[in-house]
Amino acid sequence: MDQQAHFDAVIAADERIEPRDWMPEKYRATLIRQIAQHAHSEIIGMQPEGAWLTRAPSLRRKAILLAKVQDEAGHGLYLYSAAETLGVERSDLLHRLHTGAQKYSTIFNYPTPEWADVGVIGWLVDGAAIVNQVPLCRCSYGPYARAMIRICKEESFHQRQGFEMLLALRDGTDDQRAMLQNAVNRWWWPSLMMFGPPDAASTNSAQSMAWRIKRHSNDELRQRFVDMTAPQADVLGVKLPDDKLRWNPERGSYDFGEIDWDEFARVVKGEGPCNAERIERRTAAHAEGAWVREAAVAYAAKQHAQADAA
Amino acid sequence: MNDRNDWPLWEVFVRPRRGLGHAHVGSLHAPDATMALRNARDLYTRRQEGVSIWVVPAGAITASSPDEKDAFFDPAGDKVYRHPTFYTLPPEVDHL
């Protein structure tokens, strides 16, 4: 059987492609782009919430937030590890993030001016991420699917801690409820954009579905998220900022308003509220850590030399 | 964008609990074996997923080639007599 036929047969049988298998170059390139973008999103995603680590209102909330931000670092590293099995170097991926050659999710270019933003990120942003990511646990590329299984197990804690924090705000003062509503107003529409452009405009979708990298279309997943989330908003006593949002009994789903795709395009292009700040912070952290990486290499080399001499 | 300060790649294996073997969980970069172990602890066992960790330099692993998969594994395919189900015994025979 020739290589292409073997690859097609593995995909058709819904089995997994593994690192040393032959694969079409475009399949490899698509996966590298997608996994790297996903890893970058986890790493940049540490920043909006990390900003609140020193200001968490209690030791309990601080410990939870530290664990969550640490998980995001971990998720980034699982994903870089998966990307490297496709023959790219991690330092190269970081370089592409720092220079803007590879993107990360637009959602992390929005600011977190208030504490309630941290909870709403857990509820909406991690909630949307879970809807996007659960099908990736069955992605045709083995290392990516395995990384996603670990990530999805851990994301569930992220979403629940966020919702629990918002329940505390709901049961708090009028000011706290207002803070909660304002944060929902800020994050609702950007969260819907996390599913990517509408199906008609999504250039890579058809091929990714055929390769079983993707299992569902962007619009399908977006609808699933809206249907899950709208009743949760009622529990929190908040209004989602969309006058067109209402239950459609014929479709058995919620109808919702038009997303501002011009805003999405602007944020992708780098004109979101925090694009520059996020990359500046990331490149500064990388540069400031350079001496640590160099010292560790020098120490390892010295230990090695001493062991050889002994 | 490689420079000589890039840390080498290590493959990580975790024993989930006593009685089970170590299983591959992923990889990480570290300057030496000691740091690789510590990083593996932080990266792959944040929720008590293991009781023991191995780290192995990725370059030290020799793997069978998927290109020779058929020639490599097929010789076992026609030896069905290696399986107990190959043998038919009378129904009155127990414990066999």
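Cut-offs and rules
Residues numbered from 1 in each chain as written. Chains lettered and ligands numbered in written order. Predicted model: local features only at pLDDT ≥ 70, side-chain atom pairs only at ≥ 80, totals over all residues. Heavy atoms only, no water. Helix = DSSP H or I, 4+ residues; strand = E, 2+ residues; numbered from the N terminus. Rg over C-alpha atoms; globule rule 2.2 N^0.38 Å. Buried < 20%, exposed > 50% of the residue type's maximum accessible area, 1.4 Å probe, protein only. Contact = heavy atoms within 4.5 Å. Areas by Shrake-Rupley, 256 points an atom, 1.4 Å probe, with all protein chains shown as cover. Lys, Arg positive; Asp, Glu negative; His and termini not counted. Charge placed at Lys NZ, Arg CZ, Asp CG, Glu CD. Salt bridge = Lys/Arg side-chain N within 4 Å of Asp/Glu carboxyl O. Axes fitted to C-alpha atoms, helices over the stretch in contact; angles between N-to-C directions. Patch = residues over 30% accessible without salt bridge, like charges linked within 9 Å, V, L, I, M, F, W, Y side chains within 5 Å. Core = buried A, V, L, I, M, F, W, Y, C linked by side-chain atoms within 4.5 Å. Pairing = 2+ DSSP bridges. Polar contact = N/O pair within 3.5 Å; in protein donor to acceptor, adjacent residues only side chain to side chain. Arc of directions from axis to C-beta.

Enquirer: Explanation requested: the overall build of chain A in the structure shown.
Expert: Counting its secondary structure elements, chain A contains 13 helices and 2 strands. At 21 Å, chain A has a C-alpha radius of gyration in line with the 19 Å of a compact globule built from 310 residues. The dimensions of chain A, computed from C-alpha atoms along their principal axes, are 70 × 50 × 35 Å. Classification of the 310 residues of chain A by burial places 52% in the buried group. For chain A, the share of sequence-separated contacts (at least 6 apart) that also reach a separation of at least 24 residues comes to 77%. Of the accessible surface of chain A, which amounts to about 14600 Å², a share of 55% is contributed by carbon and sulfur atoms. Between the averaged position of the 37 positive side-chain charges in chain A and that of its 42 negative side-chain charges there is a distance of 2 Å.

Enquirer: Teacher, can you tell me more about the pattern of salt bridges here?
Expert: Side chains that differ in sign of charge can pair as their charged atoms come close. Residue and element names in this part refer to chain A. Taken as a whole, this structure holds 27 salt bridges over all chains when the rule is applied. Across the salt bridge formed by Asp-174 and Arg-177, the nearest N and O atoms sit 2.8 Å from each other. Taken together, the residues span about one helical turn, with Asp-174 and Arg-177 both in helix α8 (residues 174-193) at a distance of 3 residues. Taking the relative accessible area as the measure of exposure, Asp-174 reaches 57% and is therefore exposed.

Enquirer: Teacher, can you tell me more about the packing of helix α12 (residues 275-288) of chain A against helix α13 (residues 290-309) of chain A here?
Expert: Between two packed helices, the angle of one axis relative to the other and the distance separating the axes together describe the packing. Relative to each other, α12(A) and α13(A) sit at 35 degrees, their axes nearing to 4 Å. Across the interface between the two elements, His286(A), Ala287(A) and Glu288(A) from α12(A) touch Ala290(A), Trp291(A) and Arg293(A) from α13(A).

Enquirer: Would you mind showing me how to read a nonpolar patch on the surface here?
Expert: Residues and elements named next belong to chain B. On the surface, Val-80, Tyr-81, Phe-86, Tyr-87, Leu-89, Val-93 and Leu-96 cluster together into a nonpolar patch covering about 730 Å² of accessible area. Relative to the elements of secondary structure, Leu-96 occurs in the segment after α2 (69-73). When its relative accessible area of 82% is taken as the criterion, Leu-96 is described as exposed.

Enquirer: Is there a simple way to explain the nonpolar core in this structure?
Expert: For soluble globular proteins, the rule of thumb is that nonpolar side chains tend to be buried together. Ranked by size, the top nonpolar core spans 86 residues in total, and within it Tyr27(A), Leu31(A), Ile35(A), Trp123(A), Tyr141(A), Tyr144(A) and Leu28(B) carry the most contacts. Not counting the four nearest positions on each side in its chain, Trp123(A) is found in contact with Gln159(A), Gly162(A), Phe163(A), Leu166(A), Val184(A), Thr229(A), Gln232(A), Ala233(A), Leu236(A), Val238(A) and Leu240(A). Core analysis: the next-biggest nonpolar cluster, separate from the first, contains 8 residues, Leu53(A), Ala56(A), Val69(A) and Val118(A) among them.

Enquirer: Whenever I open this one, the sheet that holds strand β1 (residues 9-15) of chain B confuses me. Can you help?
Expert: Hydrogen bonds between backbone groups are what pair the strands of a sheet, and the pairing can be parallel or antiparallel. All names here are of chain B. Taken together, the 3 strands give an open sheet; going across it, the order is β2-β1-β3, and neighbouring strands pair in antiparallel fashion. Both outer strands of the open sheet, β2 (23-29) and β3 (52-57), are each paired with one neighbouring strand and no more. Taken over all neighbouring pairs, the strand axes of this sheet differ in orientation by 30 degrees on average, direction set aside. Pairing between β1 and β3: 6 bridges, direction antiparallel.

Enquirer: I keep staring at the interface of chain B and chain A and nothing clicks. Help me out?
Expert: One widely used convention gives an interface's size as the accessible area the parts lose upon coming together. Of the residues lining the interface, 24 residues belong to chain B; the matching set on chain A comes to 25 residues. Joining chain B to chain A, the criterion identifies 4 salt bridges. In this structure, Arg47(B) and Asp71(A) form a salt bridge, with 2.5 Å as the shortest nitrogen-oxygen distance. Viewed at the interface, chain A and chain B are joined by 14 residue pairs in polar contact (both at pLDDT 80 or more). Mapped onto the side of chain B that touches chain A, the elements with two or more residues apiece are β2 and α1 (33-44) of chain B. Looking at the side of chain B that touches chain A element by element, the count peaks at 5 residues for β2(B).

Enquirer: Teacher, can you tell me more about the pairing of β1(B) here?
Expert: Two faces, one strand: in a regular strand the side chains alternate between the faces of the sheet. All names here are of chain B. Most of β1 sits out of view: 5 of its 7 residues are buried. Taken together, the 6 bridges between β1 and β2 define a ladder with antiparallel strand orientation. Across the sheet, the residue bridging to Val-12 is Gly-26, located in β2.

Enquirer: Help me out: how do you make sense of the side chain of Arg282(A) in this one?
Expert: All names here are of chain A. Note on placement: Arg-282 falls in helix α12. There is no salt bridge for the buried Arg-282, and the closest opposite charge comes from Glu-288, which lies 9.6 Å off by N-O distance. Residue contacts for Arg-282: discarding those within four places in its chain leaves Ile-43, Ile-44, Gln-47, Leu-94, Leu-97 and His-98.

Enquirer: Explanation requested: the environment of Ser156(A) in the structure shown.
Expert: Among the structural elements, Ser156(A) can be located in helix α7 (residues 142-170). For the pair Ser156(A) and Leu166(A), spaced 10 residues apart in sequence, the C-alpha to C-alpha distance is 16 Å.

Enquirer: What should I look at first to understand helix α5 (residues 90-98) of chain A in this one?
Expert: An α-helical turn contains 3.6 residues, so a residue and the one three or four places further along point in the same direction. If you check which residues of α5(A) are buried, you get Arg90(A), Ser91(A), Leu93(A), Leu94(A), Leu97(A) and His98(A). Projected down its long axis, α5(A) carries its buried residues within an arc of 160 degrees, all on one side. As for α5(A), its buried residues are in contact with α2 (25-44), α4 (59-84) and α12 of chain A together with β2 of chain B. In the stretch just after α5(A), Gly100(A) is the one whose phi turns positive, near 80 degrees.

Enquirer: Before we go on, may I ask you to explain unusual backbone geometry in this structure?
Expert: One can expect most non-glycine residues to show negative phi and most peptide bonds to be in trans. Residues and elements named next belong to chain A. Although it is not a glycine, Asp-14 adopts a positive phi angle of roughly 60 degrees. As for its position among the elements, Asp-14 is in the loop between α1 (3-12) and α2. Classification of Asp-14 by relative accessible area gives partly exposed; the value is 34%.

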